[in-house]
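Residue strings, one per chain:
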Amino acid sequence: MPAAVRDSTISPPSGERRSDMEFDMTKPVPEVQPWSEKFWEGTKEGKLLIQVCKDCKSKIFYPRKYCPECWSGNLDWIEGSGRAKIYSFSTAYSMVEPKFMDELPYTIAYVDLEEGIRMMTRIVDCEPADIAIGMDVEVIFHERGGFYLPYFRPVRQ
Amino acid sequence: MSKGKIAIVGIGEVPTANMPTRTHWDIIYDTCMEAVKDAGLHKNDIEGVVSVSPQAQPKITAELSFGKLPEELGLKGCKDTVSCNAGGASTSNCLRMAEQWIHSGIAKAVLVQHVTVHSTIPLADQINFFAKAGVDLQWEYPYGTTYNIIMGLMANRFMHESGCTPEQMASVVTALRSWASRDPNSFFYKKDVPSVEKVLSSDLLNTPLHKRESNVLGDGGCAMVVVSAEDAQKMKRPAAYKLGDSVRYFSGTCVMRDFKKVEEGFRVTAREAMAQAGITKEDVSIWNCYLAYPLAHPLVAELLEVAPPGKAGQYFLEGRMSFGGDIPWSTIGDAPGRGHTGSGVSAAHYVETARQLMGKAGERQVKNCRYVYQNAGGGSGFNNIATIWGKEI
Ligand SMILES: [Zn+2]
């Protein structure tokens, strides 16, 4: 099993009005397509898989049914290194859906993987003030509802 | 489309405000009738109706797409009606549809309209709709991504590359609101224009976006009457002639959006639209930029070569894009100044473009307004449509 953190039990913020209870507080999991199942299976084993086209050698993100470069169905997977650089980030302090409020503040980022693809993710295990564009980060998997979301944390020197 | 094929000859608009007593049909009647009267036409001259599809309002969307508008308003000469949905680029596509009908001879006069009533949507439904719209449900949404955060990702990268400061970014709000405070149809008409300090002292929503750099949902609507350029000339009325357009698609999923491709898209579409119109950027009287969030304005000002690289933030801070400045820019104050009426912000922009070219913009009227650059973007930014409109052919 991978190193993983789990969502804590979710309860509505104190003082919440009854009328607000109509909000769906279920935290979302990825809406998987048949051709992306392998990616999410990989994360359960602590692997960050990258779809590749065996015909034109493209690395594909996000995973598709057919290669978006050459429309080949001859697709496969390689295991990524899990290392990346932050392209941009934004730390949220408010105005997110009620279901995410217990996690504030949190940082969403675009990260560029060594393999040449860009993902959206969370940056964890550090203070928001220490996060910077260009920072080296590594993958860590975060469990939610049976899924393991790839999050990233600063690379420890 | 080639130069000078259509013209806007009539406009109608209601003020943006949260007014739950004003129903969708209430607004549709007022805006459409005003536009037809403004064009000097009879209701039965309208041969086609194209509606911007309202976001997050399924009932009115269904009524419009099932053809109710011509019947409700008694448009006896109407031959066809349709709704268009391309997010924020819907209005551009409504105008393209009108252009096609006029070209093909289906309709001589086409009514294009938009209506939005956000104030009667239950808060939970509003949040649920806007939380997911334009956000990929597999690769973005599970992380807690929002529209505001997507804007923050873009803005932080822009600030990193350009050196644009938080003060300069905040000054965009001051500039936009300076126009809005003089627009009777704005949410912020006659309201104080916030200073840079006031913008920066408002709550931080997500870096670098402050509360006053976001925008407020509102109710509103507008309508336009479109005819052929030839007919507009014969009508001898103030008109806005479409002189050029160009579009580029970027991506549907924000994480896939190549910032360099977006930047090149803005440059290329402006160049192509101006070339079609036979003008250069020096000829443009108003840069009517629809970008929904203020943080994107300095970036686009540089892409359109209105400001040199790295200088747009300074231009905004110096007040050059504000009311009274030397570079008229988004003269309704874009979404932060108008109030966010969904896809209606782009519709309001087109109405403003026509209003300025017709010489009907009151206190905001830009002197000697001859050519206007007007853009629109789809959804959370899947494309950019650049158009050039002129006072005459
Ligand atoms: Zn391929």
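Located above this text is the structure these notes cover.
Residues numbered from 1 in each chain as written. Chains lettered and ligands numbered in written order. Predicted model: local features only at pLDDT ≥ 70, side-chain atom pairs only at ≥ 80, totals over all residues. Heavy atoms only, no water.

A. Examining the overall build of chain B more closely. The number of helices and strands found in chain B is 14 helices and 11 strands. The globule rule puts the C-alpha radius of gyration for 393 residues at 21 Å, and the 20 Å found for chain B is close to it. In terms of its C-alpha atoms, chain B occupies a principal-axis envelope of roughly 55 × 45 × 40 Å. A buried classification covers 64% of the 393 residues belonging to chain B. For chain B, the share of sequence-separated contacts (at least 6 apart) that also reach a separation of at least 24 residues comes to 75%. Roughly 13,800 Å² of accessible area belongs to chain B as shown, and the carbon and sulfur atoms make up 53% of that amount. Each charge sign in chain B was given a centre, from 40 positive and 40 negative side chains, and these centres are 3 Å apart. (Helix = DSSP H or I, 4+ residues; strand = E, 2+ residues; numbered from the N terminus. Rg over C-alpha atoms; globule rule 2.2 N^0.38 Å. Buried < 20%, exposed > 50% of the residue type's maximum accessible area, 1.4 Å probe, protein only. Contact = heavy atoms within 4.5 Å. Areas by Shrake-Rupley, 256 points an atom, 1.4 Å probe, with all protein chains shown as cover. Lys, Arg positive; Asp, Glu negative; His and termini not counted. Charge placed at Lys NZ, Arg CZ, Asp CG, Glu CD.)

B. How the structure looks around the overall build of chain A. When you go through chain A residue by residue, the secondary structure sums to 1 helix and 9 strands. Along chain A, from the amino end to the carboxyl end, the secondary structure elements read β-α-β-β-β-β-β-β-β-β. Taken across its 157 residues, chain A has 46% of its residues classed as buried. Across chain A, every contact between residues at least 6 apart in sequence was considered, and the portion connecting residues at least 24 apart equals 55%. Of the accessible surface of chain A, which amounts to about 8,200 Å², a share of 48% is contributed by carbon and sulfur atoms.

C. Quick look at the interface of chain A and chain B. On the side of chain B, 33 residues touch chain A, which itself brings 43 residues to the contact. At the boundary of chain A with chain B, total buried surface from both sides reaches about 3,400 Å², with 63% on carbon and sulfur atoms. The largest per-residue losses of area from chain A upon contact with chain B belong to Y87, Y110 and M120 of chain A, which jointly make up 19% of the total buried on that side. The interface formed by chain A and chain B holds 0 salt bridges in total. Along the contact surface separating chain A from chain B lie 19 residue pairs in polar contact (both at pLDDT 80 or more). Elements supplying a minimum of two residues to the side of chain A that touches chain B: α1 (37-44), β5 (83-92), β6 (106-113), β7 (118-123) and β9 (147-154) of chain A. The element that contributes the greatest number of residues to the side of chain A that touches chain B is β5 of chain A, accounting for 6 residues. Across the side of chain A that touches chain B, the residue classes tally to 28 nonpolar, 7 polar and 8 charged. (Buried area = accessible area lost by both parts, 1.4 Å probe. Salt bridge = Lys/Arg side-chain N within 4 Å of Asp/Glu carboxyl O. Polar contact = N/O pair within 3.5 Å; in protein donor to acceptor, adjacent residues only side chain to side chain. Nonpolar A, V, L, I, M, F, W, Y, C, P; charged D, E, K, R; others polar.)

D. Inspection of the pattern of salt bridges at higher detail. Under the counting rule described, the total for this entry stands at 33 salt bridges over all chains. Linking D125 of chain A and R153 of chain A is a salt bridge whose minimum nitrogen-to-oxygen distance equals 3.9 Å. Separated by 28 residues along the polypeptide, D125 of chain A in the loop between β7 and β8 (136-144) and R153 of chain A in strand β9 bring together distant segments of the chain. With relative accessibility at 42%, the residue D125 of chain A sits in the partly exposed group. The network of salt bridges with common partners includes E13, D183, R338, E352, R355 and R364 of chain B.

E. The arrangement of the packing of helix α1 (residues 24-38) of chain B against helix α2 (residues 58-65) of chain B in detail. All names here are of chain B. At a closest axis distance of 11 Å, the pairing of α1 and α2 adopts a crossing angle of 50°. By the criterion of interaxial angle, the relationship of α1 to α2 is oblique. Across the interface between the two elements, H24, W25 and I28 of α1 pack against I60, E63 and L64 of α2. Here the contact of α1 with α2 is composed, by residue class, of 4 nonpolar, 1 polar and 1 charged. (Axes fitted to C-alpha atoms, helices over the stretch in contact; angles between N-to-C directions. Parallel < 35°, antiparallel > 145°, perpendicular 65-115°, else oblique.)

F. Expanded view of the environment of R320 of chain B. All names here are of chain B. Of note, R320 is situated in the loop between α12 (312-317) and α13 (334-338). Residue R320 is classed as partly exposed on the basis of its relative accessible area, which comes to 26%. Sequence separation of R320 and A175 is 145 residues, and the distance between their C-alpha atoms is 8.3 Å. Contact partners of R320, with chain neighbours within four places excluded, come to Y315, G325, D326 and I327. Side chain to side chain, R320 and D326 meet in a polar contact 2.7 Å long.

G. Fine view of the packing of helix α4 (residues 90-104) of chain B against helix α14 (residues 344-358) of chain B. All names here are of chain B. Put simply, α4 and α14 touch, their axes get as near as 7 Å, and they point 55° apart. Viewed along their axes, α4 and α14 adopt a mutual orientation that is oblique. On α14, the residues that touch T91, S92 and L95 of α4 are S346, A347 and Y350.

H. Spotlight on the coordination of the zinc ion. Residue and element names in this part refer to chain A. The coordination sphere of the zinc ion contains the protein donors C53 (SG), C56 (SG), C67 (SG) and C70 (SG), at a distance range of 2.2 to 2.4 Å. Relative to the metal, the 4 donor atoms surrounding the zinc ion lie at angles of 105 to 115°, and the coordination shape comes out tetrahedral. Going along the chain, you hit the donors of the zinc ion in the pattern C-x2-C-x10-C-x2-C. On the accessibility criterion, C67 (0% relative accessible area) is buried. Since its relative accessible area comes to 36%, C70 is described here as partly exposed. (Donors = N, O, S within 2.8 Å, 3.2 Å for Na, K, Ca; no water. Tetrahedral: all angles 85-135°; square planar, octahedral: opposite > 155°, others 65-115°.)

I. Spotlight on α1 of chain B. Residue and element names in this part refer to chain B. Over its 15 residues, α1 runs 21 Å from end to end, which matches the ideal 21 Å to within 8%, given 1.5 Å per residue. Looking only at α1, the buried set comprises H24, W25, I27, I28, T31, C32, A35 and V36. Within α1, the buried residues cover an arc of 150° as seen down the axis, which keeps them to one side. In this fold, the buried residues of α1 make contact with β1 (6-17), α2, α3 (68-72), β4 (109-116) and β7 (219-228). Note on α1: the residue one or two positions beyond its end, G40, has a positive phi of about 75°. (Expected span 1.5 Å × (residues − 1). Arc of directions from axis to C-beta.)

J. Representation of the environment of T31 of chain B. Residues and elements named next belong to chain B. Here T31 is to be found in helix α1. In this structure T31 comes out as buried when scored by relative accessible area, which is 0%. Note: C-alpha distance between T31 and G220 (189 residues apart in sequence) is 9.6 Å. Not counting residues up to four positions away in its chain, the partners in contact with T31 are G12, E13, V14, G221, C222 and A223.

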